[in-house]
Structures are given as structure tokens and as C-alpha cells.
Amino acid sequence: MELNANAFGRNARKALLDKALQVALGRTTERFLAHRDAAVAAFPEFEATRERASRIKLDVLDHLDTYLLRFIEEAEKRGAIVHVARDAAQAREIATRIARDEGVTLAVKSKSMASEEISFNEALQGAGVTVVESDLGEFIIQLAGEAPSHIIAPAVHKSRQEISGLFERHLGGPRTDSIPELVGMARRHLRAKFLSAGMGVSGGNFLVADTGSVVLVTNEGNGRLGTVLPRTHLAVVGIEKVIPRMSDLPTFLRLLPRSATGQAISSYVSIVTGTRRAGDPEGPERMHILLLDCGRSAILEGKYREILKCVRCAACLNVCPVYQSVGGHAYGWVYSGPIGAVLTPLLVGLAEAVALPDASTLCGACADVCPVKIPLPDFLLELRSDVREQGLKTPGEIAAMKGYAGVMRRAGLLEAIERIAGVLGQFFTKGKGIGGLPYPFSGWTERRDFPAPAALPFRKQWKIRRGVTR
């Protein structure tokens, strides 16, 4: 997937002008949040479970090498072939080699954000393998030639009318606004692909160290079909997805669907353990597991290591006022919202995504909803500090912040400026709100009106209420 993170400002301005996108984002995030709130309220143990999940993940980060070795050993005992890729280029080479060695010409793929990191589809297609996305949302955006705009709802930005047009052009179906009819068209097209594909490709929500299992949590049957029907199964998973024991899995299964879609449990939980054994009615004859490092080991060694606790639920996207306004494509890479604003700079380099740490109001809502208690606002602030220390701020930004800091350190100067601003504000606005400010402050009023300035600044009002005369 092409990296375009430093175009966030331009992408965001374009998104704000897209009325259809604004409607789609508002409708979907509002629904996800309402469902999550209801699911959490109905589960009194949510906070205790959240704390337990965070502790498990911290233990994994402290002993990741041990748990990964155990996972690899157990998976290979059960017939899987495990590969480890240090970077995206090596991951693409391994994936294409697997497809070539297995004689694959058609692969069906379920949703996998990790595969987006390494441009998996493009690599296999370049090697002569047709890759068909089988998740409905991913299938839609594949037809549209677009990237996912949400971690769990990749086609959140598409209306049913747009989808109908895509299906008419690519599948030959009639125009319809009926969602069941659109789903039926996709199902008929994809079913034939499942039956003829030589390889099924999946991600993995969790890797269980003590059994060598890959766990898939989905709401569509495509994930299960893609792992049992084709002769070969390839799972592409980040190394941080390991958990120690199968007994730990229920903790995460209680949190993930509630945080993601507001469900008590997902429609499908598939635990894939090795290849088909004698007497098994289904399952792959060959199973490959491609573990991605791709910068994760470097993150593990640094101050942002807790970002690797992420379970990709997208709760932070849904609650984020920035994501709600601009959508996922504005972030310019695989991950969007608060998790993307932190993870993308860590994976691709801060210079390549310097705009993203500023793509936040720092309201803290993302930390409140994170099921594994990642301190996202703290990380965003720390990244902003890193931007300054690495010399990536413009001279104008540095001068402005120095001036601001100088004023805020001097209470008397701040109070004098407030008095002057109050008098001038009253004079120029005549008690009305401010609808527009001149450059360089115009950005503050392009999308919002400022209220009329108070006749007395807050500090003066506070002193009066406390009976302080001076």
C-alpha cells in the first residue's frame, strides 16, 4: 500500500468537503459507539477483564521471544510451516515463493491489516496469482481499486448506491439499493472462487503459544471457508499477536467484539491448529504461517512498546472526533485514527508520517475505550516531542511555540494580553461571534465560529468571585 501520510492536511481538507463521506462516517461511527456502550453496560466485568487483558499483553511483551518460540514449536508439531519476515520486502518474497511452490494461480483472502502493510496482493498479482478479497467490505474496495478506510469496516465510506454501481460494472448485476440483494450478488460470485482457489489467505487475531493455533474472529463465513476449502492455507500475522495460553483466549473474546462492533461475541470464532489430520472432515493439506516483524522488534525495545498490545478492534477510531470528520484515507496508510497516528510513524519512520501525531485533539477518548489500556494520548504527546527533537518542525512552528511558552510562563503578561484581547474583541465584534479570522489564524474559523469574547477575561472574573480586588 502506497504511503501518503504526510499529505494528511490536504487529504483531510478534501474529506471535509465530501458530504457523502461525512454522512457515511457519522452514521457508522455513531452506530458502533451506541452498540459498544450498550454491550459494555451489559457486562459488569468489562473493566476487570480489560485490566486482565492488559496484564496478559504486558507479559507477552516482556517475554515475546519465549512465547514466539513456543508458538513456532507447537505449530510445526501440528504440521504447519512457519516463516519469519524481518521486513516487508522479505515478507513479499516469502509469500510469492509459497504461492509458486504450491502451484497456486488463484487465492481467496480474508481481511488482514498485516497483509496491507506488506502490499501482499500486489506482490502475488505481480507473480501471476489472482488474489480475490472475500470479506464483503474488502471485496467492495478491491473492485473500487481503493484501500481500506477502517480496520473492521473497510468500506465504511461507500454508500449502497456506489456499491450497486460497482457490482453492476464488475459483476454484471442489476442496479439495486437492496442490501440483501447486493450481498447475494457478492456471495454467488465469491462462492465459485472459494471452490476453485488453490490457497486461502488469512490474517490472525491471536496466536496461541501453547497450542500453535491461529485464531480468527470474524462476522462473515469467508474466514472459515478460506481456511478449510483450499488445499493450502497461508496466515499472515504480526509477531505481537501471540498470547501465552488457550485459557487466555476467553479474556480477549469478551473484549474484542464488544469493543469493535458492540456484540457479545462475534458470529465466527475459528481456531486453526495445523493441517488436516487423518479422520478430519475438513482443513488444509498444507498450512503456512508468515510471521511479520516489519519494525515490531524495534518498537518493542523502545518507549512505545505498549502500542503492540493493540488488538485491532477500531474502538479508538470510532470515538475519535478527528477520524469521525475525515475518515481513514486521510491518514495515508494502512492504519488510521489514534492507533494509526501512533503506529504508522513507528513502523514507517517519523519523518515519513510527521503530520500524524498532530492529527488529534488529545481529548483522551481513545484511551478510555481501548480494551487493552494503551495510553494513546500520552504516546501522541511523546511523538510530538520527538518531532521537535528530531528537527522535523518548521521554523514558524518552533517560533510560535516558543512565544506561547514564554507568555504562559508569565502570569502578568498573560493577564495583560487577555485584557487587551478582550477590549479589542468587544470593539471589533460588537458582542457577536467571530465568523472568520485573517491568515495565519484563518484555519481556526474555517469550520467553526468563535463565541463573542467575554467583556472580562476569566482570571478577572475568578478574582471577582473570590473577592480579590487587585
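Another aspect to go through is helix α1 (residues 8-16). Residues of α1 that are buried include every one of Phe8, Asn11, Ala12 and Ala15, and no others. Take α1 and look down its axis: the buried residues cluster within an arc of 100°, on one side only. Turned more than 90 degrees from where α1 packs its buried face, Arg10, Arg13 and Lys14 sit exposed.

With respect to topology, six strands assemble into an open sheet ordered β1-β10-β7-β4-β2-β3, the strand pairing being parallel. Two strands lie at the open edges of the sheet, namely β1 (80-85) and β3 (130-133), each paired on one side alone. Between one strand axis and the next, the sheet turns by 20° as a mean value, whatever way the strands run. Contacting β1, β4 (199-202), β7 (232-238) and β10 (286-292), helix α5 (residues 88-101) crosses the sheet at an angle of about 150° to β1.

The next subject is the packing of aromatic side chains. Taken as a whole and assessed by the stated rule, the structure comprises six aromatic pairs. Measuring from centroid to centroid gives 6.5 Å for Phe43 and Phe46, while their planes differ by 80°, and the two rings are edge-to-face. Assessed through its relative accessible area of 10%, Phe43 is described here as buried. A residue is classified by how much of its surface remains accessible, and Phe46, at 2% relative accessible area, is buried. Taking the centre distance of 6.0 Å and the plane angle of 50° together, the rings of Phe139 and Phe167 count as tilted. Within this pair, whereas Phe139 is found in helix α8 (residues 136-144), its partner Phe167 is found in helix α9 (residues 160-171), the two being separated by 28 residues in sequence. Each member of the pair, Phe139 together with Phe167, is buried. In this structure, Arg31 is placed above the aromatic ring of Phe32, and the distance from its NZ or CZ to the ring centre is 5.7 Å. Its guanidinium or amino end placed over the ring of Phe43, Arg258 lies 4.1 Å from that ring's centre, counting from NZ or CZ.

Right, let's get into the packing of α9 against helix α10 (residues 179-196). Between α9 and α10, the least distance of the axes is 11 Å, while the angle of their chain directions is 35°. Crossing of α9 over α10 shows left-handed handedness. Residue-level inspection shows Arg160, Ile163, Ser164, Phe167 and Leu171 of α9 in contact with α10, the latter providing Ile179, Leu182, Met185, Ala186 and His189.

What follows concerns the domain arrangement of the chain. Its domain assignment divides the chain into domain 1 (43-297) and domain 2 (398-465). Here the C-alpha centre of domain 2 lies 51 Å away from the C-alpha centre of domain 1.

Moving on, we get to the packing of α8 against α9. The contact between α8 and α9 brings their axes to 10 Å, and the two run at 65°. Viewed along their axes, α8 and α9 adopt a mutual orientation that is roughly perpendicular. Crossing angle aside, the handedness with which α8 passes α9 is left-handed. Of α9, the residues touching α8 (which contributes Leu136, Phe139, Ile140, Leu143 and Ala144) are Ile163, Leu166, Phe167, His170 and Leu171.

In this section: the environment of Arg384. Within the secondary structure, Arg384 sits in helix α18 (residues 376-389). For Arg384 and Cys316, which are 68 residues apart along the polypeptide, the C-alpha to C-alpha distance reads 19 Å. Among the polar contacts made by the side chain of Arg384, one reaches the main-chain carbonyl oxygen of Ser360 at a distance of 3.2 Å.

This part takes up empty space enclosed by the protein. Tallied over the full model, the rule gives three cavities of 30 Å³ or more. Roughly 90 Å³ of internal volume is contained in the largest cavity. In this structure, the largest cavity is lined by 14 residues; those nearest its centre are Cys310, Cys313, Cys316, Cys370 and Pro371. In this structure, the second largest cavity occupies an estimated 80 Å³ of space. What lines the second largest cavity is Cys316, Val319, Cys320, Pro321, Pro338, Ser360, Thr361, Leu362, Cys363, Gly364, Ala365 and Cys366. Contributing elements (two or more residues each) for the lining of the second largest cavity: α14 (315-319) and α17 (365-369). Here the residues of the lining of the second largest cavity sort into nine nonpolar, three polar and no charged.

Counting residues in each nonpolar core, the largest one holds 93 residues, and the members touching the most others are Phe8, Phe71, Phe206, Val242, Ile289, Leu291 and Ile307. Among residues more than four places away in sequence, those in contact with Phe8 are Val322, Val326, Ala330, Tyr331, Ala355, Leu356 and Ala359. Membership of the second largest hydrophobic core comes to 21 residues, among which are Phe120, Met199, Leu290 and Leu292.

To continue, consider a nonpolar patch on the surface. Together, Ile420, Leu424, Phe427 and Phe428 line one region of the surface with nonpolar side chains, adding up to about 470 Å² of accessible area. Mapping Ile420 onto the fold places it in helix α20 (residues 411-429).

Moving on: the pattern of salt bridges. Opposite charge on two side chains permits them to pair, given that their charged atoms come into close proximity. For the structure shown, the criterion picks out 28 salt bridges. A cluster of three or more residues bridged by salt bridges with shared partners is formed by Arg70, Glu73, Glu74, Lys77 and Arg78.

Looking now at the sheet that holds strand β5 (residues 206-208). Pairing within the open sheet is mixed, and its four strands lie in the order β8-β5-β6-β9. At either margin of the open sheet sits one strand with a lone partner, and together these are β8 (242-243) and β9 (268-272). For strand β6 (residues 213-218) and β9, the ladder comprises five bridges, and the chain directions are antiparallel. Bridging across to β9, Val214 finds its partner in Val272.

Conventions and cut-offs
Residues numbered from 1 in each chain as written. Predicted model: local features only at pLDDT ≥ 70, side-chain atom pairs only at ≥ 80, totals over all residues. Heavy atoms only, no water. Buried < 20%, exposed > 50% of the residue type's maximum accessible area, 1.4 Å probe, protein only. Helix = DSSP H or I, 4+ residues; strand = E, 2+ residues; numbered from the N terminus. Arc of directions from axis to C-beta. Pairing = 2+ DSSP bridges. Axes fitted to C-alpha atoms, helices over the stretch in contact; angles between N-to-C directions. Contact = heavy atoms within 4.5 Å. Phe/Tyr/Trp six-rings, centres within 6.5 Å; stacked < 30°, edge-to-face > 60°. Lys NZ or Arg CZ within 6 Å of the ring centre and 35° of its normal. Left-handed = near helix turned anticlockwise from the far one by under 90°. Domains from an automatic or database assignment. Parallel < 35°, antiparallel > 145°, perpendicular 65-115°, else oblique. Polar contact = N/O pair within 3.5 Å; in protein donor to acceptor, adjacent residues only side chain to side chain. 1 Å grid on protein atoms, 1.4 Å probe; cavity = no way out; pocket = protein on both sides within 12 Å on 5 of 7 lines; lining within 4 Å. Points joined across faces, edges and corners; volume = space filled by probe spheres on them. Nonpolar A, V, L, I, M, F, W, Y, C, P; charged D, E, K, R; others polar. Core = buried A, V, L, I, M, F, W, Y, C linked by side-chain atoms within 4.5 Å. Patch = residues over 30% accessible without salt bridge, like charges linked within 9 Å, V, L, I, M, F, W, Y side chains within 5 Å. Areas by Shrake-Rupley, 256 points an atom, 1.4 Å probe, with all protein chains shown as cover. Salt bridge = Lys/Arg side-chain N within 4 Å of Asp/Glu carboxyl O.

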